[in-house]
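Below are the chains, spelled out letter by letter.
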Amino acid sequence: EAQVTQNPRYLITVTGKKLTVTCSQNMNHEYMSWYRQDPGLGLRQIYYSMNVEVTDKGDVPEGYKVSRKEKRNFPLILESPSPNQTSLYFCASSIGTGTRTQYFGPGTRLLVL
Amino acid sequence: AQKVTQAQTEISVVEKEDVTLDCVYETRDTTYYLFWYKQPPSGELVFLIRRNSFDEQNEISGRYSWNFQKSTSSFNFTITASQVVDSAVYFCALSEWGGANNLFFGTGTRLTVIP
């Protein structure tokens, strides 16, 4: 089944404890991205990657890191999480750039205490 | 700069009523794409439709229809004969051609269909 998977789905952590949210897609998509969803703000892009080893900042990159060493994986790293990073995170992928439709993972709900 | 506005924060309708969700967008690009996504209570984001800026034909898919009007920068979504399963948050989004495929989302409209 073609899909985008994220792990973990739920995570409670404490301020400053490094964490990684994994994202994987099995559709051989070139483009992958991360969004966060907050009440009243919709979804905002954190980082995106147009291909392996090519990443760039979205609208709200502060406090996050990403890497794209393999085409299928695009992990999101919070080196020192803070409470304002409590949010619902979505990974998405699409065939390429040129405004292809993005397909989203199931979401990861993060609470930083 | 690009912007998507969904002025309706919450809408409630009684089952079988028709409902229209509004979406107004801003962009300087002449070529762009518009999307609608559905987020049911389970939380995932489900792609519904993509339209490009040079195709203003309205589209119908079952009980769903979309009205794209470049003259008013609007891309409205109508659900006919609403059902309880339509209860969800609906997001309108914009992506500009030639950019990095970034999606700019509106703040969403929460639709509640009352049985």
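Residues numbered from 1 in each chain as written. Chains lettered and ligands numbered in written order. Predicted model: local features only at pLDDT ≥ 70, side-chain atom pairs only at ≥ 80, totals over all residues. Heavy atoms only, no water.

Participant: What is the right way to read the overall build of chain A from this model?
Facilitator: Tallying secondary structure elements over chain A gives zero helices and 11 strands in all. Going from N to C terminus, chain A has its helices and strands arranged as β-β-β-β-β-β-β-β-β-β-β. Its C-alpha atoms give chain A a radius of gyration of 13 Å, within 12% of the compact-globule value 13 Å for 113 residues. When the backbone C-alpha atoms are referred to their principal axes, chain A occupies close to 35 × 30 × 25 Å. Here chain A holds 113 residues, and the buried ones make up 50% of them. Contacts in chain A between residues at least 24 apart in sequence constitute 54% of all its contacts with a sequence separation of at least 6. With the model as given, the accessible surface of chain A reaches about 5300 Å², and the carbon-plus-sulfur share is 51%. Side chains of chain A carry 13 positive and 9 negative charges; the gap between the two charge centres is 4 Å. (Helix = DSSP H or I, 4+ residues; strand = E, 2+ residues; numbered from the N terminus. Rg over C-alpha atoms; globule rule 2.2 N^0.38 Å. Buried < 20%, exposed > 50% of the residue type's maximum accessible area, 1.4 Å probe, protein only. Contact = heavy atoms within 4.5 Å. Areas by Shrake-Rupley, 256 points an atom, 1.4 Å probe, with all protein chains shown as cover. Lys, Arg positive; Asp, Glu negative; His and termini not counted. Charge placed at Lys NZ, Arg CZ, Asp CG, Glu CD.)

Participant: Before we go on, may I ask you to explain the environment of B:Tyr64 in this structure?
Facilitator: Inspection of the secondary structure assignment puts B:Tyr64 in strand S8 (residues 64-69). Not counting the four nearest positions on each side in its chain, B:Tyr64 is found in contact with B:Lys38, B:Leu48, B:Glu59, B:Phe77, B:Thr78, B:Ile79, B:Asp86 and B:Tyr90.

Participant: So what exactly am I meant to see when it comes to the interface of chain B and chain A here?
Facilitator: How large an interface is tends to be reported as the accessible area lost when its parts come together. Taken together, the contacts link 21 residues of chain B with 24 residues of chain A. Overall, the association of chain B and chain A removes approximately 1800 Å² of surface from exposure, summing both partners, and the carbon and sulfur fraction of that is 54%. Here chain B is connected to chain A by zero salt bridges. The tally of links from chain B across to chain A stands at five residue pairs in polar contact (both at pLDDT 80 or more). Looking at the side of chain B that touches chain A, the elements that each hand over two or more residues are strand S5 (32-39), strand S6 (46-52), strand S10 (88-96) and strand S11 (104-105) of chain B. (Buried area = accessible area lost by both parts, 1.4 Å probe. Salt bridge = Lys/Arg side-chain N within 4 Å of Asp/Glu carboxyl O. Polar contact = N/O pair within 3.5 Å; in protein donor to acceptor, adjacent residues only side chain to side chain.)

Participant: Please explain the sheet that holds strand S7 (residues 65-66) of chain A as it appears in this structure.
Facilitator: Within a sheet, neighbouring strands are paired by backbone hydrogen bonds and run either parallel or antiparallel to one another. Residues and elements named next belong to chain A. On the basis of which strands lie adjacent, the open sheet formed by four strands has the order S1-S3-S8-S7 and antiparallel pairing. What marks the edges here is a single partner per strand, and that holds for strand S1 (4-7) and S7. Pairing between S1 and strand S3 (residues 19-25): four bridges, direction antiparallel. Residue pairing for S3: Asn-7 is matched across the bridge by Thr-22. (Pairing = 2+ DSSP bridges.)

Participant: Can you help me understand the packing of aromatic side chains in this one?
Facilitator: Both the distance between ring centres and the angle between the ring planes are used here to describe each pair of aromatic rings. Per the stated rule, a full pass over the model turns up 21 aromatic pairs over all chains. Here B:Phe91 and B:Phe105 contribute two aromatic rings whose centre-to-centre distance is 6.1 Å and whose plane-to-plane angle is 85°, an arrangement assigned as edge-to-face. Taken together, the positions of B:Phe91 in strand S10 and B:Phe105 in strand S11 put the pair 14 residues apart, joining distant regions of the chain. An identical accessibility class is assigned to B:Phe91 and B:Phe105; each is buried. An aromatic cluster is built from A:Tyr35, A:Phe90, A:Tyr103, A:Phe104, B:Phe35, B:Tyr37, B:Phe47, B:Phe91 and B:Phe105, whose rings are joined through pairwise contacts. (Phe/Tyr/Trp six-rings, centres within 6.5 Å; stacked < 30°, edge-to-face > 60°.)

Participant: Is there a simple way to explain the state of the cysteines in this structure?
Facilitator: Taken as a whole and assessed by the stated rule, the structure comprises two disulfides over all chains. Paired through a disulfide, A:Cys23 and A:Cys91 show a sulfur-sulfur distance of 1.8 Å. For the disulfide bridge between A:Cys23 and A:Cys91, the dihedral angle about the S-S bond is near -70°, and by the sign convention the bridge is left-handed. Highlighted residues: A:Cys23 in strand S3 and A:Cys91 in strand S9 (residues 87-94), separated in sequence by 68 residues. On the basis of relative accessibility, which here comes to 2%, the residue A:Cys23 falls in the buried class. Residue classification places A:Cys91 among the buried positions, given a relative accessible area of 0%. The disulfide bridge from B:Cys23 ends at B:Cys92, spanning 2.0 Å between sulfur atoms. (Disulfide = S-S within 2.5 Å.)

Participant: Whenever I open this one, the pairing of strand S4 (residues 31-38) of chain A confuses me. Can you help?
Facilitator: Successive side chains on a regular strand alternate, one facing one side of the sheet and the next facing the other. All names here are of chain A. Of all eight residues making up S4, eight are buried, and the element is well covered by its neighbours. Alignment of S4 against S9, held across seven bridges, turns out to be antiparallel. Each residue of the ladder has a partner; that of Tyr-31, found in S9, is Ser-94. Pairing analysis gives seven bridges linking S4 to strand S5 (residues 42-51), with the strands arranged antiparallel.

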